[in-house]
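Reading the structure
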Amino acid sequence: MPASQVRILLALCLTLAVCLGPLPGFAAPVEYTVDIPPLPEDLTPLLASVSDCVGLRENPPDSPGLLRKRMRGDIESFARALDSRGYFQASIEGELDMDARPATVRFRIDPGPRFVFARPELVLRPEDPVAGSLMSDTLRGIQAGSGYSSGTVLDVETALLERLKEYGYPSPALVSRDVEADHATREVRVAYTIDPGRAAMFGETEISGLESVSREFVTPELAWSAGAPYDRRLVDKTRENLIRTGLFRSVRIDPEHQPDAASVTMRVSLLEAPPRTVRAGLWHYSDLGLGAGLGWTHRNIFGAGQELRLDTSVSENLQQAGSELILPNMGSPRQSLGLAARYKNELTDVYDATNLILSAMVRRPLSEFEVGYGLGYRLARVDDDETRTFNLVSTPLIAEYSNADNPLEPTTGLTLAARVEPFLGIDRSDSSFVFWDVSGRHYLPLTRDRSLVLATRGRYSLLAGASRESIPEDMLLYAGGGGSIRGYAYQYAGQLDEDDEPLGGVSAVDFSAELRWRINREYGFVVFGDGGGAFSGRSPAEKEEYFWGTGAGLRYYTPIGPIRLDVAVPLDRRDGIDDPFQLYISLGQAF
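Notes on the structure in this doc start here. Predicted, not measured: the structure shown is a model, and the values here were computed from it. (Residues numbered from 1 in each chain as written. Predicted model: local features only at pLDDT ≥ 70, side-chain atom pairs only at ≥ 80, totals over all residues. Heavy atoms only, no water.)

This paragraph deals with the sheet that holds strand β10 (residues 263–272). Taken together, three strands build an open sheet; the order of strands is β8-β10-β9 and the sheet is mixed. Looking at which strands have only one partner, the edges of the open sheet turn out to be β8 (201–208) and β9 (248–256). Averaged over all neighbouring strand pairs, the angle between strand axes comes to 20°, with direction disregarded. In the packing of helix α8 (residues 232–244) onto the sheet, the strands contacted are β8, β9 and β10, and the crossing angle to β9 comes to about 160°. (Pairing = 2+ DSSP bridges. Helix = DSSP H or I, 4+ residues; strand = E, 2+ residues; numbered from the N terminus. Axes fitted to C-alpha atoms, helices over the stretch in contact; angles between N-to-C directions. Contact = heavy atoms within 4.5 Å.)

Okay, structure coming up:
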């Protein structure tokens, strides 16, 4: 056969081989499942969390050999994970069953006995009896006879160093950490050697980064004072205070302590945030119609943290505008004075009311509480069959507590508020009365990632000291609407007059429970139930007289809070009065 024909035949054979035979790298991926046996404690989910076979199951390897390599890597990872929980005598085997459909990676694991902690030891170099007494309680974080965990060892180590930093030792250091497992006794001995360093006091404070904010505003926010024993908790508190002002984009505090120095130089580095904020919003409630709001805030208008807020909102039945100037550090550090003015014009089925409200309120934090007292004036003109004018002076007293994690989207914590405000009629002695209000909110996460939250709230209000006829109609108590008992129109969850219009009450109670499920980063779903009402008696009515509503809603999450869409129905619908459902669209959660 001529050479040219041989070359042509070889080329055809190679072409057929390429077309019909598999090429390396193009083999079908090996789909598989993973079998990890049930183990004591929480070991099975622990092993699954460190397993490449589990974590990469959606990305199967191209050959059984690569899958076996992945399995052998898991055996090493499992051994390290079991060691971290005190199972130092574990036996781990892996098997790849290619005959199963799909292929199965099967692990056989005998964790063996769990080692326990022996009594821990603490050595201070140099010796310091004061520091040793400080850390004795912290060292009890390791209990002799309890199951070994490497996480506990590290947690106690961190706690020991933090304890020293909280009680005057700014620069402690870990010299060594010795962990020894005795296979004969199945005990683990842990010994820490720590250099506590020299005890020191707070020294000079240096503040940098200020441009428009004055140093006189920052100084009262410092939780420490020169000459006091060093305490890291006060450093964290100062950082929290400065961030809470809203004037700084970042706050960095660096304690500088030389090994033999008796004082710590505190370096505070600040980056100012833009002081101005513009807000805008739209809402629609089927009982109140469409509304829009606009607000503007300057958080440093005079250079010392004074905050000016201007806002206005307009809807078919409500128009209002207001301003508030907040002056910080008035009289004492962290005590503020708020001066506010508000105009409000409200049109309802019951009355038309125009109000001018002026107030001055002093607020002072006390630990986790905030208390306030002030003076207010209210000029009200109410038109209900006849026009009446009220001149009222009040002295509000408030107390508030909150440890909620996020004001825009709380997922855990508790908020409580109480207000007592006596009103004195200047030109009408019979219009003097006292307003009482107590409210609370609680947020309980039901899952570890807080994607499912049970939110509850409650409120009780009372007007005492005057008859209902002597109180301005717009200050009577009502229930119903988007911020109260959903499913009933605004103010309609209460007694009605002969024209089926709300009478208003002198007591009111309402409460809600809402199950919030955040499906993903952008969307959420809620179901809720509301109850309560407004009543003519001073005491809450019997539960048979309460109004009940229920419904569901969608949430679309944005950086400034969730957009809320709720649909609610009244459970005790009154013919000719209550609509079949109410629709609420707004920015922010219902509570």
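Now, onward.
Turning to the packing of helix α2 (residues 43–50) against helix α4 (residues 64–84), a few remarks are in order. Across the interface, α2 lies against α4 with an axial gap of 9 Å and an inter-helix angle of 135°. Regarding the angle of α2 to α4, the classification is oblique. Our pair here, α2 against α4, has a crossing hand that is right-handed. In this structure, α2 contributes Leu43, Leu46, Leu47 and Val50 to the contact, and α4 contributes Asp74, Ser77, Phe78, Ala81 and Leu82. Its residues placed into classes, the contact of α2 with α4 shows seven nonpolar, one polar and one charged. (Parallel < 35°, antiparallel > 145°, perpendicular 65-115°, else oblique. Left-handed = near helix turned anticlockwise from the far one by under 90°. Nonpolar A, V, L, I, M, F, W, Y, C, P; charged D, E, K, R; others polar.)

Aromatic ring pairs are reported here in terms of the distance separating the ring centres and the angle at which the planes meet. Taken as a whole and assessed by the stated rule, the structure comprises 15 aromatic pairs. A ring pair is formed by Phe88 and Tyr148, whose centres lie 5.6 Å apart and whose planes are at 45°; its orientation type is tilted. One end of the pair, Phe88, is in the loop between α4 and β2 (91–97); the other, Tyr148, is in the loop between α5 (129–139) and α6 (150–166), with 60 residues separating them in the sequence. Note on Tyr148: relative accessible area 7%, which makes it buried. Ring geometry for Phe511 versus Tyr546: centroids 6.1 Å apart, planes at 55°, classification tilted. Taken together, the positions of Phe511 in strand β23 (residues 507–518) and Tyr546 in the loop between β24 (523–535) and β25 (547–558) put the pair 35 residues apart, joining distant regions of the chain. In textbook terms, an aromatic cluster arises when at least three aromatic residues are bridged by ring pairs, as seen for Phe88, Phe115, Phe117 and Tyr148. Above the plane of the ring of Phe528 lies Arg486, whose end atom (NZ or CZ) is 3.8 Å from the centre. (Phe/Tyr/Trp six-rings, centres within 6.5 Å; stacked < 30°, edge-to-face > 60°. Buried < 20%, exposed > 50% of the residue type's maximum accessible area, 1.4 Å probe, protein only. Lys NZ or Arg CZ within 6 Å of the ring centre and 35° of its normal.)

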